[in-house]
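In case you want the letters, here they are:
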Amino acid sequence: MTIDQAVELLELTPPSDLREIQLARRRLAKRWHPDKAAPDQRHVHERQMKTINSAADLLEMRAEADGPITIVDVQVSADAERRRQAEAGRRAYEAAQRTPSRRAGTQAERSIVYRYVRSSSYPEWGVGTIVDVRFTGEGDDLQRWARVEFATGTFTLPIDNLTFVDFAKRERDAERAERFLVAARDAVAAHNHELAIKRLVYARNADPKRPEILRLLAHEYRRARKLKEAGRAVRDWIRREPDNPAAHRLAEGIYSDMGAHDLAADAARDARAARRRLPRAA
């Protein structure tokens, strides 16, 4: 790994001293900690954390020996890497010239470059644009990552964490809702209730009638002590599932927390009535 690659991976803006490098490591460790990842992204987070630690180790050793990482350090490193890649490309071309040419039709004649992506771990960032793609490591340790520009900022993300967006195919509301619901469950598991609420609001906006979204949103608002919002969410859930006793019991708890004991009593009565309407087991 080169200095310019390490600086981009840690999302630093030179000059960067030892303290700034350490803070960048901690900030990115919070973003990419494997415990915060969905099961299908845990391996991606583990590899990204390994790469981030390698980048931070490189820059910390350099900063301890020579002082802050400057823009000149980055430029010199990038120039050296470009020369190395150019030399490698020249050698590969010469080797290809010595190799018998392939028959026509045995390899693809064009490639498709995708620019627009979403992060699987952070869908609330929306759609971003890839501005650069890099590689670090070799063999089994090869890591592909991209600089992606979102409306909220530019981040360095593993390619395996990205979902490519085809604007020719409009995403259906149900698909968008499911994407944010899955991400919200990850946030709930990590006890990050504010992030879970944010993702559930996106999910509800895409599919405002889905009971599962409304139920989880009401629970998360209550955990965050946002009781007025919890009350609105649980009422929306009750409108979708009026015969679900769990919805009325949650409403009872929320109203009790608010001190609205008359409403809590009404919700308790509705919960009992809903239980009586449930079909009896044979």
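Residues numbered from 1 in each chain as written. Predicted model: local features only at pLDDT ≥ 70, side-chain atom pairs only at ≥ 80, totals over all residues. Heavy atoms only, no water.

Trainee: Please provide a residue-by-residue account of the packing of helix H6 (residues 193–206) against helix H7 (residues 211–223), values included.
Mentor: Packing of H6 against H7 brings their axes to within 9 Å, and their N-to-C directions diverge by 150°. Classified by the interaxial angle, the pair formed by H6 and H7 is roughly antiparallel. Our pair here, H6 against H7, has a crossing hand that is left-handed. Of the residues in H7, those touching H6 at His193, Ala196, Ile197, Leu200, Val201, Ala203 and Arg204 are Ile213, Leu214, Leu216, Leu217, Glu220, Tyr221 and Arg223. In terms of residue class, the contact of H6 with H7 is built from 10 nonpolar, one polar and three charged. (Axes fitted to C-alpha atoms, helices over the stretch in contact; angles between N-to-C directions. Helix = DSSP H or I, 4+ residues; strand = E, 2+ residues; numbered from the N terminus. Parallel < 35°, antiparallel > 145°, perpendicular 65-115°, else oblique. Left-handed = near helix turned anticlockwise from the far one by under 90°. Contact = heavy atoms within 4.5 Å. Nonpolar A, V, L, I, M, F, W, Y, C, P; charged D, E, K, R; others polar.)

Trainee: Tell me about unusual backbone geometry, and please be specific about residues and values.
Mentor: Here the bond from Pro14 into Pro15 is cis, since omega is 5°, no more than 30 degrees from zero. In this fold, Pro15 is placed in the loop between helix H1 (3–9) and helix H2 (18–32). Within the chain, His191 stands out as a residue other than glycine whose phi angle is a positive 60°. Assessed through its relative accessible area of 62%, His191 is described here as exposed. (Buried < 20%, exposed > 50% of the residue type's maximum accessible area, 1.4 Å probe, protein only.)

Trainee: Account for the confidence of the model for the chain, naming residues and giving values.
Mentor: Taken over all residues, the pLDDT of the chain has a mean of 87, while the share at 70 or more is 93%. The weakest mean pLDDT in the chain belongs to helix H4 (residues 71–98) at 79; the strongest belongs to H7 at 96. Confidence drops under pLDDT 50 across residues 102–113; counting only partners more than four residues distant or on other chains, this segment forms one contact. (pLDDT = per-residue confidence, 0-100.)

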